[in-house]
Each structure stands twice: as structure tokens, then as C-alpha cells.
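Residues per chain are reported as follows:
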Amino acid sequence: MFRPNDKIGPYILMRRLGQGGFGEVWLAEKRSVITVTQFAVKLPLDPDQDLDKIRQEAELWKMAGGHPNVLPIIEADIWDGQVVIVSEYAPEGSLDRWLARHGGAAPDLRTAVRMTAGILAGLAHLHGKKIIHRDLKPANILLQGDTPRIADFGIARILKTGQHSGVATGTIMYMAPESFKGERTAQTDLWSVGVMLYQLIHGLAPFPHGDTSALLRAILMDEPTPLPESVPALLRRLVARALCKDPAARFQTAEQMLDALEAADLSIRSGQPAPENGSGPDAGTDLAATVAVAAPGGLAGEPAPEPNPTTAPPQPPMASPATPRRIIGGTPLAATVLDHPALPEHPATAGTRCASCGDAMAPADRFCNLCGQAAPSHPGSGPAPSARRCPR
């Protein structure tokens with residue numbers, strides 16, 4: 001058992017932050033002549049440690065780094081026979097504790113949306129690297145300032161193209177129906193985000209059952225408790241789609257869900273459904289302004305240069321083969337963004353939007369992917385077929 005002031009290699013243990021099946025996590029300090037730096041140190045407890053398993057987790061953490069909404073690993077090593085995995089320290093603690101301090105829910109809808117947007121940005125980064133988390137929940141979202149950072153990849157798995165990741169693992173309240181059969185895809189992570197968004201908005205779980213067997217049955221068989229009518233309709237539809245029993249009816253990528261969340265954010269700010277042309281009160285500000293793209297030759301979060309009325313407007317840069325991921329969170333962290341292949345974007349053409357909810361639509365789309373409304377070019381199509389939408 002570890003105790004405060006124990007020294008393991010260059011790290012001095014200060015206080016225990018948590019404990020799980022893998023081991024203990026401690027706040028530790030690394031002291032030099034000039035500075036004292038704090039880290040989160042993960043210490044496996046199993047006396048017969050499987051070094052291959054530990055190496056796999058460390059490599060997974062290392063591969064998952066490079067995004068401000070993902071907590072990176074600093075190093076992994078063995079000192080005095082003890083395996084040590086070191087990551088950045090998130091002083092504001094977990095989203096779970098943040099919710100407890102705020103009475104179980106976000107203070108307002110805008111805060112709930114912004115927090116979820118950060119989680120989705122980090123998740124898009126992980127899925128772009130073929131990693132599914134498998135245990136997304138508030139306790140595994142750590143906060144640095146107001147920036148949510150996805151952590152704890154201890155049971156994450158590499159997602160093989162066209163395959164499911166087997167073994168039912170996770171926390172029941174945040175597990176998708178198919179995960180109980182050992183089926184894990186990107187859509188199971190998006191279900192977990194939908195549960196967290198519901199909780200941030202309403203302060204309760206979508207399936208409020210204290211008994212484990214009743215909770216399991218509700219997740220598999222029941223519809224979630226409807227959000228209050230005071231929640232904007234666009235946001236209620238977004239949560240409902242994320243919590244569809246059929247994975248094919250959910251959002252297909254984290255970026256697609258993030259696009260829908262931005263439309264809901266605009267609706268919240270304007271008090272009306274998102275306008276067709278993307279303009280309107282405060283359009284392009286607030287949440288949209290926090291979505292930074294690291295353009296070639298600059299850092300994410302840099303302000304655009306002031307236009308010069310005497311010169312022609314600057315032309316947009318040529319697209320890079322590897323499109324950097326969008327970032328949600330604190331500006332000081334934006335410079336840590338690394339390029340990596342983008343996930344497939346939701347197909348859309350500027351100016352083509354759903355007349356009902358404002359979601360972007362491709363010219364070939366017959367129905368809106370968010371609300372199911374027929375496209376303007378197919379006015380006689382009626383509502384979307386049930387195969388395209390959640391039964392709700």
C-alpha cells in the first residue's frame with residue numbers, strides 16, 4: 001500500500017486521487033532545483049503484473065495523445081520494481097465531481113452544450129485513430145479549467161475495421177444496449193455521450209433505476225424518460241437520436257453529432273430553430289468560435305487578421321491531405337494540436353439546409369439526417385422511412 005511522501009523514482013506521492021481495477025492514481029510531484037511539477041501517477045497494484053498488458057495500455061495512451069480534449073501520457077517506466085504510468089494532472093478533478101458541485105446538472109444549457117462539445121471533439125480524435133473508449137462516463141472526463149479531457153483508456157481497445165470489439169465491459173448506466181452482447185463500435189461511445197448530455201441538461205439519468213437488473217432491462221427495452229418541454233426541441237431530438245436502441249439510427253460519427261450540437265447551440269442562443277443560411281443573432285460566435293482548426297502555417301485558436309479595405313480579400317488556403325481535427329476548450333492548449341487523418345465529414349453543401357431544423361444536407365439527401373424532414377428538392381417524399389431514423 002502506498003502512502004503520502006513515498007518516493008518512486010523521481011516522483012514523490014502527495015495524495016491519492018482514486019482507485020480502480022487497474023490500480024491507484026496519485027497526485028505526485030517531481031522536484032528539481034528550479035521547479036516543482038505535479039503529475040497524475042498511475043500505480044498498478046497486481047503483484048503479478050502483466051507487463052504486456054501494461055505496455056499495451058501505455059502505448060494506447062501514447063497513440064491517443066495530441067489533442068487538447070484527450071489527457072496524454074507523459075511516460076511509463078519501472079522504478080524499484082514498481083510500474084509507473086505518468087500523465088498530466090487535471091487539478092479541477094472529474095466531470096463527476098463537477099456535477100456534484102453543481103447539484104447534478106450543468107448550471108445552464110449553454111454550459112451543458114459546451115462541455116459535451118469538448119467531449120465530442122476529443123472522441124472524434126480517438127475514433128480517427130481507430131480507438132473506441134468503451135467506458136465513457138463523467139468519472140473518466142477530467143477538467144483542466146473549463147476544458148474537458150477524456151482519460152482512462154485502461155479498457156479501451158483498438159477498433160478493427162469492420163469488426164466489433166468483444167467482451168462486455170463498462171459502467172452500466174452509460175452502456176449502450178448492444179454493448180451487453182460484447183458489441184462495441186464508435187456508436188456505443190456516442191450513446192455514452194448522449195447519456196452524459198442528458199445528465200448535464202436534466203440532472204438525472206435517462207433510465208432512472210437504482211436496481212441493477214431494472215436498469216439493465218430499461219436500457220435494453222424501455223425508452224428514455226423524455227426531457228422537459230423547456231429544453232429546445234432541436235436539443236431534445238439530438239439526445240433522442242444519440243439514445244436510439246439501433247446503433248445504425250444514431251449519429252454515425254462524433255463530428256456529425258458535434259455538427260448537430262452546434263445547430264442546437266445556435267437555436268438556444270437565438271431562441272429559434274437554426275436559420276437556413278446559418279446567419280442570425282450571434283451566428284458564428286460562442287460555441288462555433290471555440291471550434292478551432294489548425295490551418296497550415298498557423299496555430300489553432302489564432303485570430304484571423306483584420307481585413308484591409310484597400311486590398312483584395314485573402315483566398316482560403318489549399319486543403320491539406322490530412323485535415324486537422326476541430327478543438328473545443330482552452331486557448332492555451334490549442335498549440336498542442338497535431339495533424340491526423342480526419343473522419344468522414346457529414347456530406348453537405350453550403351446553402352443546403354433542412355427547412356425544419358437547419359441541419360446541413362447534401363444535394364442527394366432525400367431526408368434530413370437529424371429530424372427526418374423531406375428535403376426541399378423532394379417535397380412530396382413525406383417523412384423519412386423508419387430505417388433512416390430512430391423509431392421515436
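Thresholds applied
- Residues numbered from 1 in each chain as written.
- Predicted model: local features only at pLDDT ≥ 70, side-chain atom pairs only at ≥ 80, totals over all residues.
- Heavy atoms only, no water.
- Helix = DSSP H or I, 4+ residues; strand = E, 2+ residues; numbered from the N terminus.
- Buried < 20%, exposed > 50% of the residue type's maximum accessible area, 1.4 Å probe, protein only.
- Contact = heavy atoms within 4.5 Å.
- Core = buried A, V, L, I, M, F, W, Y, C linked by side-chain atoms within 4.5 Å.
- Phe/Tyr/Trp six-rings, centres within 6.5 Å; stacked < 30°, edge-to-face > 60°.
- Lys NZ or Arg CZ within 6 Å of the ring centre and 35° of its normal.
- Expected span 1.5 Å × (residues − 1).

(A) A look at the overall build of the protein. Helix and strand counts for the protein come out as seven helices and ten strands. Out of the 392 residues in the protein, the part that is buried amounts to 47%. Counting contacts in the protein only where the partners sit at least 6 residues apart, residues at least 24 apart contribute 58% of the total.

(B) Representation of the nonpolar core within the structure. Of all hydrophobic cores here, the largest spans 53 residues; its most connected members are Leu-95 and Leu-235. Among the elements of the structure, helix 1 (51-64), helix 2 (95-101), helix 3 (109-128), strand 8 (141-144), helix 4 (186-202), helix 5 (212-221), helix 6 (233-242) and helix 7 (254-270) are those that each provide at least two residues to this core. Those residues in contact with Leu-235 that lie beyond four places of it in its chain are Leu-109, Val-113, Leu-197, Ile-201, Leu-261, Ala-264 and Ile-268. Residues Trp-26, Leu-43, Val-84 and Val-86 belong to the second largest nonpolar core, which totals eleven residues.

(C) Inspection of the packing of aromatic side chains at higher detail. Using the criterion set out here, one finds three aromatic pairs in the structure. Ring centres of Tyr-11 and Phe-39 lie 5.7 Å apart, and the angle between their planes is 85°; this geometry places the pair in the edge-to-face category. Residue Tyr-11 is found in strand 2 (residues 11-19), and its partner Phe-39 is found in strand 4 (residues 36-44); the two are separated by 28 residues along the sequence. Each member of the pair, Tyr-11 as well as Phe-39, is classed as buried. On the numbers, 6.0 Å between centres and 5° between planes, the contact of Trp-191 with Phe-207 is stacked. Of the two residues, Trp-191 is situated in helix 4 and Phe-207 in the loop between helix 4 and helix 5; the sequence distance between them amounts to 16 residues. Here Trp-191 and Phe-207 have matching classes, each one buried. These aromatic residues form a ring-pair network of at least three members: Tyr-11, Phe-39 and Trp-79. Against the face of Phe-251 rests Arg-241, its NZ or CZ located 4.3 Å from the ring centre.

(D) A look at helix 4. An ideal rise of 1.5 Å per residue puts 24 Å on 17 residues; helix 4 measures up with 25 Å between its terminal C-alpha atoms. Counting buried positions along helix 4 yields 16 of 17 residues, so the element is predominantly enclosed. Downstream of helix 4 by a residue or two, Gly-203 has a phi angle that is positive, lying close to 80°.

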